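Given next are the chains, with one letter for each unit.
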Amino acid sequence: MAVELLQSRWHAVRAGGGSAALNRRLYECIRDCIMDGSLPVGGRLPASRDLAAGLGLSRNTVTFAYDQLRAEGYLRAVVGSGTFVTDVIPETPLHAMRSRPMPAAQRGARLSARGKAAVAYARAAPRQWGAFMPGVPDVTLFPHRKLGRIIARLRRQAGPELLSYAPGGGHGVLQRSLAQYLRQARSVVCEPEQIIVTEGVHQAIDLIVRLLADVGDTAWVEEPGYWGIRSVLAINGIVPQPVLVDNEGMRLPAPGRKPPRLAFVTPSHQYPLGPVMSMARRLGLLARAGQSGTWIVEDDYDSEFRFNGQPVPSLQGMAPDGRVIYVGTFSKTLYPGLRTAYMVVPRALADTFKTAQSEFYRGGHLLSQLALAEFIDQGYYASHIRRMRQVYAGRRNFLLDQIRRWLGLEWVHEYDTGAGLHLVLRLPEGCDDHAVEQAAFEHNVLVRALSRYYIGPRRQSGLLMGFASVPEAEMLRCFQILLGVLRGAMAPSRAAR
Ligand SMILES: Cc1ncc(COP(=O)(O)O)c(C=O)c1O
């Protein structure tokens, strides 16, 4: 009886999405059942093993929820008889606001179609820091003092205009510094007027999609590819068309009846698998875009970190007056919480983008943009990147050594090109990467399942492993935990040798 009740409530919780850890969500689900009386006072809860089987969860997840509820006084354990709802429910739950039972009228709140699409596509990880969270730079090594000193001085001097809204695509000084940096470091051909500073890549993409595509239009996205782009497309009613990636990047589909409005690519370092887009594919994509009026969006999110040879030049630089919008971010080179990214738009569109940006988001942060410009102009940006490149190269090699020693280098995805902040471990066919991700999460090891990054049904099983933010000692410890999880997930003969 209680198992069935909890199954149906848990089903609703899972369908509603949410980013909290499973054990936390289960704890809240059971607590809500107690608070609204569905689980009556004195009622007996299923044994943790039975509930775990009934809900398709690990026993650890259920045990965590039970332990927490016992600690907070909702449940009591009777040795030899089981776990029961206590007679006296805590009057003031620890988290008073969150613990109140949900009013029935709010439970079925109807979301808009856009809202539903956004929730259905949600992929952001519940935790963003820890081994081996992919895509995360080592924020502890950022020279906060240097940037802090610049900010403090600017704060003392700040005139009113620095504290106001930011029309015009961002602070002119940062636009100038970025244009120079992008010309030199990324071979982007641009003038400062073409630069739009945004609060992250998501905002840049949102602006592009809203201005250049209509509801029902299609967009090519890499398969597998960055989930964040798909979320923005879903919210805006654009239909993503997954296009498979191989060792030369996106495989251009045969020309169709209706070309896409937009094509999203990561040519310098395909996300998440890692190949560099070949020259033939670059030229092919540029030619197709020219013929069909498709806008190419080049997401150049982490190309500063290439560990062998020179950085790969941008696609935009190959067709400066073509149909490429270049997008870059400080999230990987500095830190993600800065929420600062930028795009280079074709000259003919620059004013429109600035007007729309101001109308949609009413941006600000001029003071921190000016501080960033100084940080770049004084050479701190370039030297931080140089230093981090060395640190990340060392950590990547260390992780590769672990993989070589315990699994074999054939486990590293064959498209890896020695760049970025993560690598992809391929799992043997039939190994459920979601289950591995979840089991590792329960041991505080954060890997992401490769299958999450696909739209279509053909999915490779694998794990994204970030190495940039993980010092060697921590890597050693967490890699052993992950090995244990992998051994548990596979037939013994296929696990670590
Ligand atoms: C491919 C790719 N593009 C863009 C981003 C996000 O950039 P931002 O933090 O500026 O939104 C990420 C973040 O992980 C990414 O992996």
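About the criteria used
Residues numbered from 1 in each chain as written. Predicted model: local features only at pLDDT ≥ 70, side-chain atom pairs only at ≥ 80, totals over all residues. Heavy atoms only, no water. Pairing = 2+ DSSP bridges. Helix = DSSP H or I, 4+ residues; strand = E, 2+ residues; numbered from the N terminus. Contact = heavy atoms within 4.5 Å. Axes fitted to C-alpha atoms, helices over the stretch in contact; angles between N-to-C directions. Domains from an automatic or database assignment. Near = heavy atom within 4 Å. Polar contact = N/O pair within 3.5 Å; in protein donor to acceptor, adjacent residues only side chain to side chain. Areas by Shrake-Rupley, 256 points an atom, 1.4 Å probe, with all protein chains shown as cover. Parallel < 35°, antiparallel > 145°, perpendicular 65-115°, else oblique. Left-handed = near helix turned anticlockwise from the far one by under 90°. Buried < 20%, exposed > 50% of the residue type's maximum accessible area, 1.4 Å probe, protein only. Phe/Tyr/Trp six-rings, centres within 6.5 Å; stacked < 30°, edge-to-face > 60°. Expected span 1.5 Å × (residues − 1). Right-handed = clockwise from strand over helix to strand, strands pointing away. Core = buried A, V, L, I, M, F, W, Y, C linked by side-chain atoms within 4.5 Å. Patch = residues over 30% accessible without salt bridge, like charges linked within 9 Å, V, L, I, M, F, W, Y side chains within 5 Å. Salt bridge = Lys/Arg side-chain N within 4 Å of Asp/Glu carboxyl O. Lys, Arg positive; Asp, Glu negative; His and termini not counted. Charge placed at Lys NZ, Arg CZ, Asp CG, Glu CD.

(A) Here's a closer look at the sheet that holds strand β1 (residues 44-45). Spatially, 3 strands are ordered β1-β3-β2 in an open sheet, and the strand pairing comes out antiparallel. For this open sheet the edge positions go to β1 and β2 (75-78), each flanked by a neighbour on one side alone. In this sheet, strand β3 (residues 82-85) lies alongside β1 in antiparallel orientation, the contact comprising 2 bridges. The residue of β3 that forms the bridge with Arg-44 is Phe-84. Sheet contacts for helix α4 (residues 59-71): β1, β2 and β3; angle to β2, the most-contacted strand, approximately 105°.

(B) Just the domain arrangement of the protein chain, in detail. When cut into domains, the protein chain gives domain 1 (2-109), domain 2 (151-378) and domain 3 (382-494). Here domain 1 and domain 3 have C-alpha centroids that lie 33 Å from each other.

(C) How the structure looks around the site of the ligand. In the vicinity of the ligand, the contacting residues are Gly-200, Val-201, His-202, Tyr-226, Tyr-271, Asp-299, Tyr-301, Thr-329, Ser-331, Lys-332 and Arg-339. A distance of 2.9 Å separates an oxygen atom of the ligand from a polar atom in the backbone of Val-201. In this structure, an oxygen atom belonging to the ligand sits 2.7 Å away from a side-chain N or O atom of Lys-332. Considering the ligand on its own, with 400 Å² of exposed area, one finds that the protein chains cover 91% of that surface.

(D) Summary view of the packing of helix α1 (residues 2-15) against helix α3 (residues 48-55). Two elements in contact, α1 and α3, have axes separated by 10 Å at closest approach and are oriented at 45°. In terms of their interaxial angle, α1 and α3 are classed as oblique. Crossing of α1 against α3: the hand is right-handed. On the side of α1, the interface is formed by Leu-6, Gln-7 and Trp-10, while α3 contributes Leu-51, Gly-54 and Leu-55.

(E) Structural detail: the pairing of strand β10 (residues 324-329). Where burial is concerned, most of β10 is hidden: 6 out of the 6 residues are buried. The alternating pattern of β10 places Val-324, Tyr-326 and Gly-328 and Ile-325, Val-327 and Thr-329 on opposite faces, both of which are buried. Relative to strand β11 (residues 341-344), β10 runs antiparallel, the two being bridged by 4 bridges. Paired with Gly-328 across the strands is Tyr-342, a residue of β11.

(F) Representation of the packing of aromatic side chains in the model. In the structure shown here, the tally under the stated rule is 13 aromatic pairs. Measuring from centroid to centroid gives 5.6 Å for Tyr-226 and Tyr-271, while their planes differ by 90°, and the two rings are edge-to-face. Within this pair, whereas Tyr-226 is found in the loop between β5 (218-223) and α11 (227-235), its partner Tyr-271 is found in the loop between β8 (262-265) and α12 (279-292), the two being separated by 45 residues in sequence. Pairing Phe-305 with Tyr-392 gives two aromatic rings, centres 5.1 Å apart and planes at 65°, and the pair type is edge-to-face.

(G) Inspection of helix α15 (residues 380-406) at higher detail. An ideal rise of 1.5 Å per residue puts 39 Å on 27 residues; α15 measures up with 39 Å between its terminal C-alpha atoms. Tyr-381, His-384, Ile-385, Met-388, Tyr-392, Arg-395, Arg-396, Leu-399, Leu-400, Gln-402 and Ile-403 are the residues of α15 that are buried. Its buried side turned inward, α15 meets α9 (172-186), α14 (366-377), β12 (422-426), β14 (462-466) and α17 (472-489). Positive backbone phi, approximately 115°, marks Gly-408, located one or two places after α15.

(H) Here's a closer look at the pairing of β5. Judged by how many residues are buried, β5 sits mostly within the fold: 6 of 6 residues are covered. The pairing of β5 with strand β6 (residues 239-246) spans 6 bridges and is classified as parallel. Among the inter-strand pairings, Trp-220 is bridged to a residue of β6, identified as Gln-241. Between β5 and its parallel partner β6, the chain crosses via α11, and the hand of that crossover is right-handed. Where β5 and β8 come together, 2 bridges link them in parallel fashion. Across the sheet, the residue bridging to Trp-220 is Ala-263, located in β8.

(I) The arrangement of the sheet that holds strand β9 (residues 295-299) in detail. The mixed open sheet is built from 8 strands, whose spatial order is β4-β11-β10-β9-β8-β5-β6-β7. Two strands lie at the open edges of the sheet, namely β4 (195-198) and β7 (249-250), each paired on one side alone. The strands touched by helix α10 (residues 201-212) within the sheet are β4, β8, β9, β10 and β11, with β10 carrying the most contacts at an inclination of about 160°. The sheet strands contacting α12 are β5, β6, β7, β8, β9 and β10, and the helix crosses β9 at an angle near 145°.

(J) How the structure looks around the nonpolar core. With 66 residues, the main nonpolar core has Phe-132 and Met-465 as its most contacted residues. Looking at this core, you find at least three residues from each of domain 2 (151-378) and domain 3 (382-494). Residues within four places of Phe-132 in sequence aside, it is in contact with Leu-399, Val-445, Leu-446, Val-447, Leu-464, Met-465, Gly-466, Val-470, Met-475, Cys-478 and Phe-479. Among the nonpolar cores identified, the runner-up in size contains 28 residues, and Val-209, Ile-229, Phe-264 and Met-343 belong to it.

(K) Quick look at a positive patch on the surface. On the surface, Arg-145, Lys-146, Arg-149 and Arg-387 cluster together to form a positively charged patch. At 3 residues, the largest contribution of residues to the positive patch is made by helix α8 (residues 144-157). For Arg-145, the location among the structural elements is in helix α8.

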